[in-house]
Amino acid sequence: WWSAPAVGRDGVVYALGAGGLHARAPDGRVLWSRGDLGSASSPPPVISAEGTILAAVAGVGLFALRADGTSRWERRDPALVARHASLALDDVGVAYLGGDDGLLRAVRPDGSVAWGVDVQGLGPTVLAGDGTVYANDGNVRAYTAAGAALWKVQMHLGGTSSPAIGRDGTLYASGVSLFALSP
């Protein structure tokens, strides 16, 4: 199983799989692989504005890598990244982790944990341009960048897929049905 890929500005494709985190050139050549970074239940990697690749590995921790695959920093903490985690990154490099353990966490660009909040069964997350963190745990929830609850809409979606945000700010969430919430 492979995560969804992340594509850098230079066209390099990064994806997590059972064999680790892999970087491939646009022509398909393997540039590097990190066998210590991989899990079938890990979220896709994300890339910061300055090119740092963040990989969240379920049950292992959060890793920040340079474009050549070397470590910028590592936060090895099995409790930091839950199974079926999601990873989002804001404009200043703060990473937001949500997973099936019911916690939402924020990790600063240096790898230190800024905060963690029990959000009662948080599902996959997505980050809006204004810093709002949205989650789908069968209902749709919104949190500030500091982890404070903003609102919850009981939707009984019957699934926990990651929400998506349209260009106009409309929030889309799905489970057994597809819903659109206006900003």
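Residues numbered from 1 in each chain as written. Predicted model: local features only at pLDDT ≥ 70, side-chain atom pairs only at ≥ 80, totals over all residues. Heavy atoms only, no water.

Student: If you had to explain the packing of aromatic side chains to someone new, which residues and values would you point to?
Tutor: Counting across every chain of the model gives three aromatic pairs. Between Tyr14 and Trp32, the ring centres sit 6.0 Å apart and the planes meet at 45 degrees, which makes this aromatic pair tilted. Residue Tyr14 is found in strand β2 (residues 13-17), and its partner Trp32 is found in strand β4 (residues 30-34); the two are separated by 18 residues along the sequence. Classification of Trp32 as buried rests on a relative accessible area of 12%. Ring plane angle 50 degrees and centroid distance 5.8 Å describe the contact between Tyr134 and Trp151, whose orientation is recorded as tilted. Separated by 17 residues along the polypeptide, Tyr134 in strand β14 (residues 133-136) and Trp151 in strand β16 (residues 149-153) bring together distant segments of the chain. We classify Tyr134 as buried; its relative accessible area is 14%. (Phe/Tyr/Trp six-rings, centres within 6.5 Å; stacked < 30°, edge-to-face > 60°. Helix = DSSP H or I, 4+ residues; strand = E, 2+ residues; numbered from the N terminus. Buried < 20%, exposed > 50% of the residue type's maximum accessible area, 1.4 Å probe, protein only.)

Student: Hey, could you go over the environment of Arg9 for me, with residue numbers and the actual values?
Tutor: Within the secondary structure, Arg9 sits in the loop between β1 (6-7) and β2. The spatial distance from the C-alpha of Arg9 to the C-alpha of Ile47 is 9.2 Å, given a sequence separation of 38 residues. For Arg9, the side chain forms a polar contact with the main-chain oxygen of Ala49, separated by 3.3 Å. (Polar contact = N/O pair within 3.5 Å; in protein donor to acceptor, adjacent residues only side chain to side chain.)

Student: Please provide a residue-by-residue account of the pattern of salt bridges, values included.
Tutor: Under the criterion given, the structure shown has five salt bridges. When the shortest N-O distance is used, the salt bridge between Asp27 and Arg29 registers 2.9 Å. Judged by its relative accessible area of 56%, Asp27 falls in the exposed class. A salt bridge links Asp36 to Arg76; the nearest nitrogen and oxygen atoms lie 3.3 Å apart. Here Asp36, found in the loop between β4 and β5 (46-47), pairs with Arg76, found in strand β8 (residues 71-76); they are 40 residues apart in sequence, far enough to count as distant. (Salt bridge = Lys/Arg side-chain N within 4 Å of Asp/Glu carboxyl O.)

On their own, these measurements won't tell you what the molecule is for.
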